[in-house]
Amino acid sequence: MSGKRRNIQHSMQGVFVFVLLGLFAVMSTLMVLLGAQMYRNTVDHATANNEDRILGAYVRSMIRAQDAADMVVIQDLGGVKALGLRDILDDEEYCTWLYCYEGSLYEQFTDRTEDDLEPQGGTAICPARSFEPELGGDGLLTVRMVDGKGEPCVVQVALRCAQ
């Protein structure tokens, strides 16, 4: 009888080891799946946060980069209100135009011939539903925008060139 008992005890130990290995495999798989889901949620949240901030940050940095006397203009280009940021490179005058066209903020870098500009000639930067720049007499440039999700965004920059 003791031989049968040993075989049963040995079989139970083998089953216990296999159950333990199976449990470890299932728990490891669950941990990998949960970790992947958490990572996906973190990346989605970071992407959404970046998309929320990019419109204002981009416009603000472009304005600050070109803030010099008589280098910031607001003009109508082909029925689109645009913000022009002029620059002089190699004794030639160029202008970077920022405007909203077909649901996106566009940028167009060109020599300063506004009459020839067409809004579709620029490069789409990020989603935007509207872009309304206005320059106050006190040198405060205000750009009211609505991002691709419909959230308002206002950028106000006190131009150094106005001082």
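Here, every reference points to the structure presented above.
Quick caveat: nothing in here was measured; it's all calculated off a predicted structure.

Conventions used here
Residues numbered from 1 in each chain as written. Predicted model: local features only at pLDDT ≥ 70, side-chain atom pairs only at ≥ 80, totals over all residues. Heavy atoms only, no water. Helix = DSSP H or I, 4+ residues; strand = E, 2+ residues; numbered from the N terminus. Salt bridge = Lys/Arg side-chain N within 4 Å of Asp/Glu carboxyl O. Buried < 20%, exposed > 50% of the residue type's maximum accessible area, 1.4 Å probe, protein only. Polar contact = N/O pair within 3.5 Å; in protein donor to acceptor, adjacent residues only side chain to side chain. Contact = heavy atoms within 4.5 Å.

Novice: It is not clear to me how unusual backbone geometry should be interpreted in this structure. Could you clarify?
Specialist: Leaving glycine aside, a negative phi is the common case for residues, and trans is the common case for peptide bonds. The phi dihedral of D90 falls on the positive side, at around 50 degrees, and the residue is not glycine. Structurally, D90 can be placed in the loop between β2 (80-89) and β3 (92-101). Unusually for a residue other than glycine, D91 sits at a positive phi of about 60 degrees. Here D91 lies in the loop between β2 and β3.

Novice: Would you explain the pattern of salt bridges in this entry?
Specialist: Note on pairing: side chains with opposite charge can pair once their charged atoms come close. Overall, the coordinates contain three salt bridges when judged by the stated rule. For the salt bridge of E132 with K81, the shortest nitrogen-to-oxygen distance reads 3.9 Å. Separated by 51 residues along the polypeptide, E132 in strand β5 (residues 123-135) and K81 in strand β2 bring together distant segments of the chain. Relative accessible area serves as the criterion here: at 40%, E132 is assigned to the partly exposed category. Its relative accessible area of 34% is what places K81 among the partly exposed residues. We note a salt bridge from E134 to R144, for which the minimum N-O separation is 3.7 Å. Highlighted residues: E134 in strand β5 and R144 in strand β6 (residues 140-147), separated in sequence by 10 residues. For E134, a relative accessible area of 45% corresponds to the partly exposed category. Accessibility expressed as a relative area gives 41% for R144, which makes it partly exposed.

Novice: What's the story with the side chain of T110 in this structure? I'm lost.
Specialist: Residue placement: T110 occurs in strand β4 (residues 104-111). Polar contacts involving the side chain of T110 include one to the side chain of D111, which spans 3.2 Å. Residues in contact with T110, not counting those within four places in the same chain, are Y94, C95, W97 and L117.

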